[in-house]
Amino acid sequence: ETGVTQTPRHLVMGMTNKKSLKCEQHLGHNAMYWYKQSAKKPLELMFVYNFKEQTENNSVPSRFSPECPNSSHLFLHLHTLQPEDSALYLCASSQVIGLRTDTQYFGPGTRLTVL
Amino acid sequence: AQTVTQSQPEMSVQEAETVTLSCTYDTSESNYYLFWYKQPPSRQMILVIRQEAYKQQNATENRFSVNFQKAAKSFSLKISDSQLGDTAMYFCAFMGRRSQGNLIFGKGTKLSVKP
């Protein structure tokens, strides 16, 4: 395990449910990321937070709502999802150095299934 | 827009032999970073090796080395003395030096190491 943890590891939800994914990093980083990994597609960056401020929203539907209360924690709130949202959701973190971000370190992911 | 292409969806290699995974990318930037990440089956994505574009010397990490050809926009990964534990998906990724952590991934190469 790296210093990035994610809970839960597996989640099954109906389209009308509301759930949240949690990510925590123990690396002292100040940037955090959400990615979506679907079969046969490249990893897709969803959101970026630097020092708790959202700096990137990669045209993600509003049924995904991120929250970053501090530099160590990142949440992804889910509501009224669609079956095509089933995927592995990966969290990552990195250091921000000046105007550039450093290497990203990934968590184990949450395997989400939407019924 | 930057793109990353991995032209080999699957590869296999015999244990103890050498294998090379291909990656090409497209960018108009001159300063950037390139990465190879490894994702073992049902396990966490981990960084294998990183290359900074302004460095001419190819990066090396133990049995892993890269062949970085900046003019050709090519970034291949060589794995020497392949081990069973090297079986994984391998992702090539690009990040512009001034990007806000926007890491762009290829679709991946599934490597199987056979005993």
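Everything below is about the structure printed above this text.
Remember, predicted model here, so these are calculated numbers, not experimental data. Positions within a chain are numbered from 1, following the residues in the order the chain's sequence is written. As they are written, the chains are lettered A onward and the ligands numbered 1 onward, keeping that order. Confidence filtering applies because this is a predicted model: local features only for residues at pLDDT of at least 70, side-chain atom pairs given and counted only at 80 or more, and all residues used for totals across whole chains, interfaces and linings. The side-chain numbers reported here are obtained from all heavy atoms of the structure, hydrogens and water having been left aside.

Chemist: Quick question: what am I supposed to make of the interface of chain A and chain B here?
Modeler: The parts lose accessible area when they come together, and the size of an interface is often stated as this lost area. Opposite the 25 residues of chain A that make contact, chain B presents 21 residues. Across the chain A/chain B interface, buried area totals approximately 1900 Å², and carbon plus sulfur atoms make up 49% of it. A side-chain nitrogen of Lys or Arg and a carboxyl oxygen of Asp or Glu constitute a salt bridge if their distance falls within 4 Å. Linking chain A with chain B are one salt bridge. Between B:R50 and A:D102 there is a salt bridge, and its shortest N-O distance comes to 2.7 Å. Working definition: helices are DSSP H or I runs of at least four residues, strands are E runs of at least two. Numbering for both runs from the N terminus. Taken together, the elements giving at least two residues each to the side of chain A that touches chain B come down to β4 (31-37), β5 (44-50), β6 (53-57), β9 (87-94) and β11 (100-101) of chain A. The contact criterion used is simple: two residues touch if any of their non-hydrogen atoms lie within 4.5 Å. What gets called buried area is simply the loss in accessible area from a 1.4 Å probe that two parts show on being joined, summed for both.

Chemist: Can you help me understand the nonpolar core in this one?
Modeler: Across soluble globular proteins, nonpolar side chains have a tendency to be buried as a group. B:Y25, B:W36, B:F75, B:L77 and B:Y90 are the most contacted members of the largest nonpolar core, which totals 26 residues. Contributing elements (two or more residues each) for this core: β3 (19-21), β5 (32-39), β6 (46-52), β8 (64-69), β9 (74-79), β10 (88-96) and β12 (109-114) of chain B. Considering each element in turn, this core owes the most residues, four residues, to β10(B). A:Y49, A:F64, A:Y89 and A:L112 belong to the second-largest nonpolar core, a separate cluster that totals 22 residues. For our purposes a nonpolar core is just a set of buried Ala, Val, Leu, Ile, Met, Phe, Trp, Tyr and Cys residues, chained together by side-chain atoms within 4.5 Å. Burial status follows relative accessibility: with a 1.4 Å probe on protein chains alone, a residue under 20% of its type maximum counts as buried, one over 50% as exposed, and anything between as partly exposed.

Chemist: Explain the sheet that holds strand β3 (residues 18-25) of chain A here, please?
Modeler: The strands making up a sheet are joined through hydrogen bonds of the backbone, oriented either antiparallel or parallel. Residues and elements named next belong to chain A. Following DSSP output, two strands are said to pair if at least two bridges run between them. Overall, antiparallel pairing links the four strands, which are arranged β1-β3-β8-β7 in an open sheet. Here the strands that pair on one side only, and so sit at the sheet edges, are β1 (4-7) and β7 (64-70). Strand-to-strand twist of the sheet, defined as the mean angle between neighbouring strand axes without regard to direction, takes the value 20 degrees. Pairing analysis gives five bridges linking β7 to strand β8 (residues 73-79), with the strands arranged antiparallel. Each bridged residue has a counterpart across the sheet, and for S65 the counterpart in β8 is H77. To define axes, lines are fitted to C-alpha atoms, for helices over the stretch in contact only, and angles between the resulting N-to-C directions are given on a 0 to 180 degree scale.

Chemist: Looking at this structure, I do not really get the pattern of salt bridges. What am I missing?
Modeler: When the charged atoms of two side chains with opposite charge come close together, those side chains can pair. Using the criterion set out here, one finds six salt bridges over all chains in the structure. Put simply, B:E52 and B:R50 hold a salt bridge, and the shortest N to O gap is 3.4 Å. There is no split in this pair, since B:E52 and B:R50 are both buried. Between B:R63 and B:D86 there is a salt bridge whose closest N-O contact spans 2.8 Å. On the criterion of sequence distance, the pair formed by B:R63 in the loop between β7 (60-61) and β8 and B:D86 in the loop between β9 and β10 is long-range, its members being 23 residues apart. Overall, B:D86 belongs to the buried group, its relative accessible area being 2%. Several salt bridges converge on common partners, so that one network encompasses A:D102, B:R50 and B:E52.

Chemist: I'm lost on the state of the cysteines in this one. Help?
Modeler: Disulfide: a covalent bond connecting the sulfur atoms of a pair of cysteines. Disulfides are defined as cysteine sulfur pairs within 2.5 Å. One pass over the full model with this rule turns up two disulfides over all chains. A sulfur-sulfur separation of 1.9 Å characterises the disulfide bridge that pairs A:C23 with A:C91. With the S-S bond torsion at -75 degrees, the cross-link from A:C23 to A:C91 turns out left-handed. Of the two residues, A:C23 is situated in strand β3 and A:C91 in strand β9; the sequence distance between them amounts to 68 residues. Overall, the relative accessible area of 0% leaves A:C91 in the buried class. Two residues, B:C23 and B:C92, share a disulfide whose sulfurs are 2.0 Å apart. Taking the sign of the S-S torsion, about -70 degrees here, the bridge from B:C23 to B:C92 comes out left-handed.

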